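Residue strings, one per chain:
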Amino acid sequence: MPQSPTHLNRLEEPRLPGWDADPSLPPFRKRAWVEVDLDALENNFRLIRAHLPPSVKWITVLKDDAYGHGAVPAARLAAKCGAAMIAVSNLEEALALRREGIQTPILIFGETHPEEAPCYLEHNLRPSVTTSEAGAWFDREARRRGVRLPVHVKVETGMGRYGVRWTEAIELFRKLRDRPGILLEGVYSHFARSDEADKEFARLQLSRFKETLEAAAREGMRFPLRHICNTGGFLDLPEAHLDAVRVGILHTGVYPSAVCRRLPGLRPAMSVKARVAAIRQMEPGDNVGYGLRYQCPSPRRIAVIPVGYGDGYPRVRNEGWVLIHGRRAPVVGANAMDATMVDVTDIPEARVWGEATLLGKQGEEEITAHDIARWKGTISYEVLVGWRERLPRVYVSGKKNA
Ligand SMILES: *Cc1c(COP(=O)(O)O)cnc(C)c1O
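Residues numbered from 1 in each chain as written. Predicted model: local features only at pLDDT ≥ 70, side-chain atom pairs only at ≥ 80, totals over all residues. Heavy atoms only, no water.

**Here's the deal with the packing of helix 2 (residues 38–50) against helix 4 (residues 71–80)**
Put simply, the test is: Simply put, an axis is a line fit to the C-alpha atoms, just over the touching stretch for a helix, and the angle between two N-to-C directions goes from 0 to 180 degrees. By the criteria applied, helices consist of DSSP H or I runs no shorter than four residues and strands consist of E runs no shorter than two, each listed in order from the N terminus. Oblique is the label for any angle not covered by the other classes, which are roughly parallel (under 35 degrees), roughly antiparallel (over 145) and roughly perpendicular (65 to 115). When the near helix sits turned anticlockwise from the far one by under a right angle, the crossing is termed left-handed; a clockwise turn instead gives a right-handed crossing. The contact criterion used throughout is that any non-hydrogen atoms of two residues lie within 4.5 Å.
Between helix 2 and helix 4, whose axes approach to 9 Å, the crossing angle comes to 40°. By the angle between their axes, helix 2 is oblique relative to helix 4. Once helix 2 is placed against helix 4, the crossing between them reads as right-handed. The residues of helix 4 that touch helix 2, namely those facing Leu38, Leu41, Glu42, Phe45 and Arg46, are Pro73, Ala74, Leu77, Ala78 and Lys80.

Here is the structure:
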């Protein structure tokens, strides 16, 4: 078979939306990309739904582009797998989904400016309400249109972030109840420590939330959707599931921490891959990278991976590894904005243009988001969302280990 560049491109490269799929350009090979396995995403969505009793609704949290996986494809899959509602952080994220025809109800976690109220009504978006002033804007706008807007009241029970303090929530409920344009559909709170082994604070938050709900119930106010669980709570605090859970990171196949319960069959959906850009034979005493942080103790074969901190890869020094031919190639020296050097002396099959995996599996070896988080001094969440736009997203399905 002729090995023309076109042929190689078609054979090995997923050609998908984005700048490199431009038919007016001759084909060229991707330097590096983020690969999202849609089968894994769907598998994880189904697992989450299957681990909830039918009476508990599943709200899928797709903020920050579904934790870097692509909010639109994730929203389509989640709807197919039984998500009752989507939650995002802000109006831009919600409108991006509506623009693509996503019709699932959407809850917005963040705060609202008064001038934004019409946008919620126009696009069927549920706001989080934390003040009576916000209630008034939404009420006015809804009545003007002759409808009731479903809202979720956000109650602060110990996270110290958004929401009305639990001790003052009942006042707000009363004010909102008296507004004909407002439908009190939901009430929620958020855990500060649900994914750690010590659940004491989570239980305290749950009891504050429940006290608030009981006080409301005594005045005849019942919310159809009471929710407090994120992934940590969903996994480890079944007594807190209430009417709905808000699950975010888990659908990516990554756990919020090392200690929470595991769901057998969950699979990471994101990989990051690159092509080896160069391989050099080094002599003893030769240095690698900025600051001369690595000196070859013996003849070494060094591969250059064309990815660096400019792509969202951590800034590392002699730390971490990438996978080449199913084996670990350790990072040597300090990496740069556009390049990370690895030692392939023990991987003779390594060749220029060969595939290197920076996140994900190759053969039996795997680099997890938690591994990269350790090198980067952060948490798995930041690793998932930290890949820059410089790396095109490539969606794959119907392949291998499905
Ligand atoms: C991000 C977020 C979630 C989801 O958290 P995960 O740990 O990713 O499941 C749930 N609720 C609120 C309010 C959030 O901001």
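**Section: the sheet that holds strand 18 (residues 340–343)**
In plain terms, the rule: Strands pair, by our definition, only if DSSP identifies at least two bridges between them.
On the basis of which strands lie adjacent, the open sheet formed by 3 strands has the order 12-15-18 and antiparallel pairing. What marks the edges here is a single partner per strand, and that holds for strand 12 (278–282) and strand 18. Averaged over neighbouring strand pairs, the angle between their axes works out to 30° when direction is ignored. Inspection of the sheet shows strand 12 paired to strand 15 (residues 300–305) by 5 bridges, in the antiparallel sense. The partner of arginine 280 across the bridge, within strand 15, is isoleucine 302.

**Concerning the site of the ligand**
Test applied: We define proximity as follows: a residue is near a molecule or strand when any one of its heavy atoms falls within 4 Å of that partner. Any pair of nitrogen or oxygen atoms within 3.5 Å is treated as a polar contact; in protein, a donor-acceptor pairing is required on top of that, and neighbouring residues in sequence qualify only through side-chain atoms on both sides. The Shrake-Rupley method, run with a 1.4 Å probe, gives the accessible areas here. Residue values count only the displayed protein chains as cover. Gly counts as polar in this scheme, as do all residues outside two lists: the nonpolar Ala, Val, Leu, Ile, Met, Phe, Trp, Tyr, Cys and Pro, and the charged Asp, Glu, Lys and Arg.
The immediate surroundings of the ligand are formed by 14 residues, with Lys63, Tyr67, Thr231, Ile249 and Tyr381 found nearest. At a separation of 2.8 Å, an oxygen atom of the ligand approaches a polar side-chain atom of lysine 63. Contact with the protein chains removes 94% of the 390 Å² of surface that the ligand exposes when unbound. If you list the elements that add at least two residues to the shell around the ligand, you get helix 3 (63–68) and strand 10 (244–247). Of the residues that constitute the shell around the ligand, the class distribution is 6 nonpolar, 4 polar and 4 charged.

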